[in-house]
Number of protein chains: 2
Amino acid sequence: MNPTWTKYHIPPQTGLGFTLLQGQLLRVIDPEGEQVADLVAFALGDSTEWLSNGRTFNYNETLYMTQGHVLYSNKSRPMFTILEDSVGRHDFLYTPCSLETFRIRYGVQGYHPNCLDNLTQALAPYGIEQHRIPTPFNVFMNVEVLEGGRLKILPPLSRPGDSILLRAEIDLAVGVSACSAGMANNYRCTAIGLEIAPAVVE
Amino acid sequence: MNPTWTKYHIPPQTGLGFTLLQGQLLRVIDPEGEQVADLVAFALGDSTEWLSNGRTFNYNETLYMTQGHVLYSNKSRPMFTILEDSVGRHDFLYTPCSLETFRIRYGVQGYHPNCLDNLTQALAPYGIEQHRIPTPFNVFMNVEVLEGGRLKILPPLSRPGDSILLRAEIDLAVGVSACSAGMANNYRCTAIGLEIAPAVVE
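We now turn to the structure provided with this report. Everything quoted here is computed from the prediction, not taken from an experiment.

On to the packing of aromatic side chains. Under the criterion given, the structure shown has eight aromatic pairs over all chains. Judged by centre distance (4.8 Å) and plane angle (65°), the rings of Y59(A) and Y72(A) are edge-to-face. Of this pair, Y59(A) sits in helix α1 (residues 53-60) while Y72(A) sits in strand β6 (residues 70-72), and the two are 13 residues apart along the sequence. Neither residue differs from the other here; Y59(A) and Y72(A) are each classed as buried. Aromatic pair F102(B) and Y106(B): ring centres 5.9 Å apart, planes at 45°, arrangement tilted.

Here the focus is the interface of chain A and chain B. On the side of chain B, 35 residues touch chain A, which itself brings 35 residues to the contact. Counting the surface lost from both chain A and chain B, the interface buries some 3000 Å², and carbon and sulfur atoms represent 54% of this. On inspection of chain A and its partner chain B, the count reaches two salt bridges. Counting across the chain A and chain B interface gives 22 residue pairs in polar contact (both at pLDDT 80 or more). Secondary structure elements with two or more residues in the side of chain A that touches chain B: β5 (46-50), α1 and α2 (99-106) of chain A. In terms of residues, the side of chain A that touches chain B owes the most to one element, α1(A), which gives six residues. Along the lines of polarity and charge, the residues of the side of chain A that touches chain B split into 13 nonpolar, 15 polar and seven charged.

Residue and element names in this part refer to chain B. Spatial ordering of the open sheet is given by β1-β13-β3-β11-β7-β6, a layout of six strands whose pairing is antiparallel. Edge positions in the sheet fall to β1 (6-10) and β6 (70-72), since each has one partner strand and no second. Taking each pair of neighbouring strands and ignoring which way they run, the sheet shows an average axis angle of 25°.

On to the environment of E61(A). Note that E61(A) resides in the loop between α1 and β6. Separated by 135 residues in sequence, E61(A) and I196(A) have C-alpha atoms that sit 29 Å apart.

Our next topic: the relation of the copies chain A and chain B. Under the fitted operation, chain A is carried onto chain B by 0.0 Å of movement along the axis and a turn of 180°, and the coordinates agree to an RMSD of 0.0 Å. Taken together, the turn and the small shift mark the pair as related by a two-fold rotation axis. When the interface residues of chain A are mapped onto chain B, 100% of them are again interface residues, pointing to one common binding face.

Counting across every chain of the model gives 18 salt bridges over all chains. Across the salt bridge formed by R132(A) and E129(A), the nearest N and O atoms sit 2.9 Å from each other. Judged by its relative accessible area of 39%, E129(A) is partly exposed. In this structure, the salt-bridge partner of D46(B) is K75(B), at a minimum N-O distance of 3.8 Å. Here K75(B) lies in the loop between β6 and β7 (78-85) and D46(B) lies in strand β5 (residues 46-50), a separation of 29 residues in the sequence.

A few words now on unusual backbone geometry. Residue and element names in this part refer to chain A. Non-glycine residue F140 carries a positive phi angle of around 75°. Inspection of the secondary structure puts F140 in the loop between β8 (137-139) and β9 (142-145). Taking relative accessible area as the criterion, F140 reaches 0% and is therefore assigned buried. Of note in this structure, N186 is not a glycine but carries a positive phi near 50°.

Residues and elements named next belong to chain A. Bridging between β9 and strand β10 (residues 151-154) involves four bridges; their strand directions are antiparallel. Its bridge partner lying in β10, V143 is registered against I153. Hairpin remark: β9 followed by β10, antiparallel, with five residues in the connecting loop; positive phi at G148, about 70°.

To continue, consider the side chain of T190(B). Residues and elements named next belong to chain B. Position of T190 relative to the elements: it lies in the loop between β12 (172-178) and β13 (192-197). Since its relative accessible area comes to 4%, T190 is described here as buried. If sequence neighbours within four positions are ignored, T190 has contacts with P12, E32, G33, Q35 and A178.

Attention now moves to the sheet that holds strand β1 (residues 6-10) of chain A. Residues and elements named next belong to chain A. One open sheet accounts for six strands, arranged β1-β13-β3-β11-β7-β6; its pairing is antiparallel. With partners counted over all chains shown, the strands left at the sheet margins are β1 and β6, one partner each. For this sheet, the mean angle separating the axes of adjacent strands, direction not counted, is 25°. Sheet topology note: the strand β3 (residues 25-30)/strand β11 (residues 162-168) ladder contains six bridges and is antiparallel. Across the sheet, L25 pairs through a bridge with R167, a residue of β11.

Moving on: the packing of α2(A) against helix α1 (residues 53-60) of chain B. At a minimum axis separation of 10 Å, α2(A) and α1(B) run at an interaxial angle of 25°. By the criterion of interaxial angle, the relationship of α2(A) to α1(B) is roughly parallel. Once α2(A) is placed against α1(B), the crossing between them reads as right-handed. Residues E100(A), T101(A), I104(A) and R105(A) of α2(A) lie in contact with α1(B), whose contacting residues are R55(B), N58(B) and Y59(B). By residue class, the composition of the contact of α2(A) with α1(B) is two nonpolar, two polar and three charged.

The subject of this paragraph is empty space enclosed by the protein. Enumeration over the complete set of coordinates arrives at four cavities of 30 Å³ or more. In this structure, the largest cavity occupies an estimated 260 Å³ of space. Lining the largest cavity are 20 residues, and of these W50(A), P134(A), W50(B), R132(B) and P134(B) lie nearest its centre. For the lining of the largest cavity, the leading source of residues is β5(B), giving three residues.

What counts, and where the lines are drawn
- Residues numbered from 1 in each chain as written.
- Chains lettered and ligands numbered in written order.
- Predicted model: local features only at pLDDT ≥ 70, side-chain atom pairs only at ≥ 80, totals over all residues.
- Heavy atoms only, no water.
- Phe/Tyr/Trp six-rings, centres within 6.5 Å; stacked < 30°, edge-to-face > 60°.
- Helix = DSSP H or I, 4+ residues; strand = E, 2+ residues; numbered from the N terminus.
- Buried < 20%, exposed > 50% of the residue type's maximum accessible area, 1.4 Å probe, protein only.
- Contact = heavy atoms within 4.5 Å.
- Buried area = accessible area lost by both parts, 1.4 Å probe.
- Salt bridge = Lys/Arg side-chain N within 4 Å of Asp/Glu carboxyl O.
- Polar contact = N/O pair within 3.5 Å; in protein donor to acceptor, adjacent residues only side chain to side chain.
- Nonpolar A, V, L, I, M, F, W, Y, C, P; charged D, E, K, R; others polar.
- Pairing = 2+ DSSP bridges.
- Axes fitted to C-alpha atoms, helices over the stretch in contact; angles between N-to-C directions.
- Least-squares fit on C-alpha atoms with pLDDT ≥ 70 in both.
- Parallel < 35°, antiparallel > 145°, perpendicular 65-115°, else oblique.
- Left-handed = near helix turned anticlockwise from the far one by under 90°.
- 1 Å grid on protein atoms, 1.4 Å probe; cavity = no way out; pocket = protein on both sides within 12 Å on 5 of 7 lines; lining within 4 Å.
- Points joined across faces, edges and corners; volume = space filled by probe spheres on them.

Right, here's the structure in full:
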């Protein structure tokens, strides 16, 4: 790791919010393998501009984003460019798991850690309310489209140390959650690592 | 048509906003065939609860919604149930076409009618701001997922008179746009018909 990079550790089933200025680099790392990281972003200081899977699908004409793809906001501005990707399979379809997800899909009663709450807490200092959280770019999440459009959540393809490198194209408030739903992470929720470089790397 | 139903006509490349109370039925009709209708909805009086493709994908485990499927809000409440569907192919991935879509995808300079503006105008009386417009349920839009997740917009499968019938599961503010992008409508933008029944049909 370049010594000018700052390293963060997101414990299992928790989230982190941070500022990323235009030109800064963000590496999302799966330290132990098969762990999903839900990533959302807003234009810094403007909760009305958010990372949009629909705009990104439209302009890239694919469901699966990888090296070279640009991720767009709802206002059609580039938010991130994917510079490197050692996995090549990430999801952009699924909303973050929430209390309702666990209740409706898995019959869980009572509280369960969930990415929607993690992202809400992570972004609260930026004035982002829960209802504004869009579908995340679900780094390392492996969703296959089967015959007739049927969707199947499979174990991530990421192995220990795999990562994806993003460049911020505008100033951003970013939230990342170490996904809390066993099913997406091959039934073992682990940590997520981040490394952030300044806008100009020496 | 049952005489208690009210009929609306949405001219080509325009939109319409209306209230739909719990239990009311909405039929969306393609009068001439191969025409897409972008449909968005909000909980009536609450712009923070909106029709969510991501929640709908999650709970139905498919990209393609048809008869029997429930469409959910971002807060995981059922908004619509699809009661009938004479086409069986609708899109829920693509954001509404916007000025930026025409500029970025098609190099159009200056103004072009677009679904984002149509929906914004249609929902303005309900206090819905443009940045809150989510990915619509794109009725009759035909998007195929090809090898490796590549997306391809194909002509709609709808023929003249085809329709889909939805039941409102909560009180809703609904916006519908007769899609303004030639590409989605086999290069001929035509009208959309609506029929709305009261909550109790006699």
